[in-house]
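Working through the structure, step by step
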Amino acid sequence: MTIDELYRTVRVVANKEQRGFLKPSEFNLLADRAQMELFTQRYNNLKLHQTASTKSGVMTLMPGAAFGSTQKAFDDLRPFLAYNQPLTFTDGGTDAWTYPTDYIHAIALTLNNVEVELIGEDKLMKRINSTIVPPSPEHPIAIQDRSGFVIFNSGTVPTTGALGIGTTVGTVRLSYLARPTRPQWAFEEINGNPIYNPSNSTDLQFNEQTHNEIAMKILSYLGIHIRETDLQTAVNNKEQTGV
């Protein structure tokens with residue numbers, strides 16, 4: 001569906017249930033809430049074996065054994081997978097490589113085409129002081145703070161009161177799940193009525209097969225609980241009557 005088709009579908013059902021007129025601003029707010037709820041559900045269900053393979057300087061994500069059982073979740077989240085995006089370094093006291101503005105969840109991180117192992121802060125000092133698996137250019141590690149990724153490729157001991165002295169040079173790339181773009185039903189007001197403006201509108205990024213689910217979530221926020229078959233009937237009636 002386009003965002004206009006989604007809005008009209010929701011309005012048809014809401015009107016049938018006598019819930020009053022759904023303002024465009026209310027629809028836009030609920031549509032974003034619904035897509036983020038769906039995103040979170042798929043994200044929580046997705047179990048990826050996070051393996052990075054680097055060939056000719058390009059990192060690719062390879063699914064693991066659990067991929068087959070989560071194919072639907074992966075397919076639904078595929079529009080939000082950002083691959084091999086370069087990160088910039090920001091010297092803000094923690095030597096962090098800054099998160100992308102739409103960052104949600106890390107899939108894989110590389111430094112100079114070498115996979116970086118993400119660890120918890122509680123394991124940082126143990127790894128830095130390890131004589132068996134210390135951080136090195138061949139086996140870099142990283143922690144996450146509120147600003148971004150702090151990467152270590154040597155056994156440098158962090159200073160007191162700081163997360164660590166991470167590497168500040170090199171090429172860092174991140175594959176990650178990005179936040180869905182906010183859907184927008186834009187309009188122009190003509191004779192007091194909102195008229196759809198496709199040029200300024202933003203459709204859902206989610207694949208078509210999820211749109212009925214998103215519509216049902218929007219309706220549930222309005223207190224309308226409907227089965228997908230009933231929703232499809234409403235959609236079919238809308239198409240036949242031209243509502």
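Residues numbered from 1 in each chain as written. Predicted model: local features only at pLDDT ≥ 70, side-chain atom pairs only at ≥ 80, totals over all residues. Heavy atoms only, no water.

1. Points about the environment of N28
Rules: Helical segments are the DSSP runs of H or I of at least four residues, strand segments are the runs of E of at least two, and each set is numbered from the N terminus. Whether a residue is buried, partly exposed or exposed follows from its accessible area with a 1.4 Å probe, protein chains only, as a fraction of its type maximum: under 20%, in between, or over 50%, in that order. Any two residues having at least one pair of non-hydrogen atoms within 4.5 Å are treated as being in contact.
Relative to the helices and strands, N28 is located in helix α2 (residues 24-45). The exposure class assigned to N28 is buried, which follows from its relative accessible area of 11%. For the pair N28 and W185, spaced 157 residues apart in the sequence, the C-alpha separation amounts to 6.4 Å. Not counting chain neighbours up to four residues away, the residues in contact with N28 comprise P183, Q184 and W185.

2. Considering the sheet that holds strand β9 (residues 141-144)
Note the threshold: One bridge is not enough; two strands pair if DSSP finds at least two bridges between them.
Taken together, the 5 strands give an open sheet; going across it, the order is β4-β5-β10-β9-β8, and neighbouring strands pair in mixed fashion. Two strands in the sheet have a free side with no partner beyond their single neighbour: β4 (89-90) and β8 (117-118). Sheet topology note: the β8/β9 ladder contains 2 bridges and is parallel. Looking at the pairing, L118 lines up with A142 of β9.

3. Topic: helix α1 (residues 3-16)
Our working definition: Each residue after the first adds 1.5 Å to the expected span of a helix.
Between the first and last C-alpha of α1 there are 20 Å, a value that for 14 residues agrees with the 20 Å anticipated at 1.5 Å per step. Regarding α1, the residues found buried are I3, D4, L6, Y7, T9, V10, V13 and A14.

4. Some remarks on α2
With 22 residues, α2 extends 31 Å from end C-alpha to end C-alpha; this agrees with the ideal 32 Å at 1.5 Å per step. Three or more residues of α2 are buried, namely P24, F27, N28, L30, A31, D32, A34, Q35, M36, L38, F39 and R42.

5. Let's talk about the side chain of H211
As a reminder of what qualifies: We call two N or O atoms a polar contact when they sit within 3.5 Å, provided that within protein one can donate a hydrogen and the other can accept it, with sequence-adjacent residues counted only if both atoms are side-chain atoms.
For H211, the position within the fold is in helix α5 (residues 211-221). On the basis of relative accessibility, which here comes to 4%, the residue H211 falls in the buried class. Within the structure, the side chain of H211 is placed 2.9 Å from the backbone nitrogen of M1, a separation counted as a polar contact.

6. What to know about the pattern of salt bridges
To keep it simple, the criterion reads: The term salt bridge refers to a side-chain nitrogen of Lys or Arg lying within 4 Å of a carboxyl oxygen of Asp or Glu.
By the definition in use, this model includes 10 salt bridges. In this structure, K72 and D76 form a salt bridge, with 2.5 Å as the shortest nitrogen-oxygen distance. Highlighted residues: K72 and D76, both in helix α3 (residues 71-77), separated by 4 residues, approximately one helical turn. Owing to a relative accessible area of 44%, K72 belongs among the partly exposed residues under this scheme. Across the pair R78 and D75 runs a salt bridge whose closest N-O atoms are separated by 2.9 Å. What makes R78 partly exposed here is its relative accessible area of 40%. Look at D75 and you get partly exposed, because its relative accessible area is 25%.

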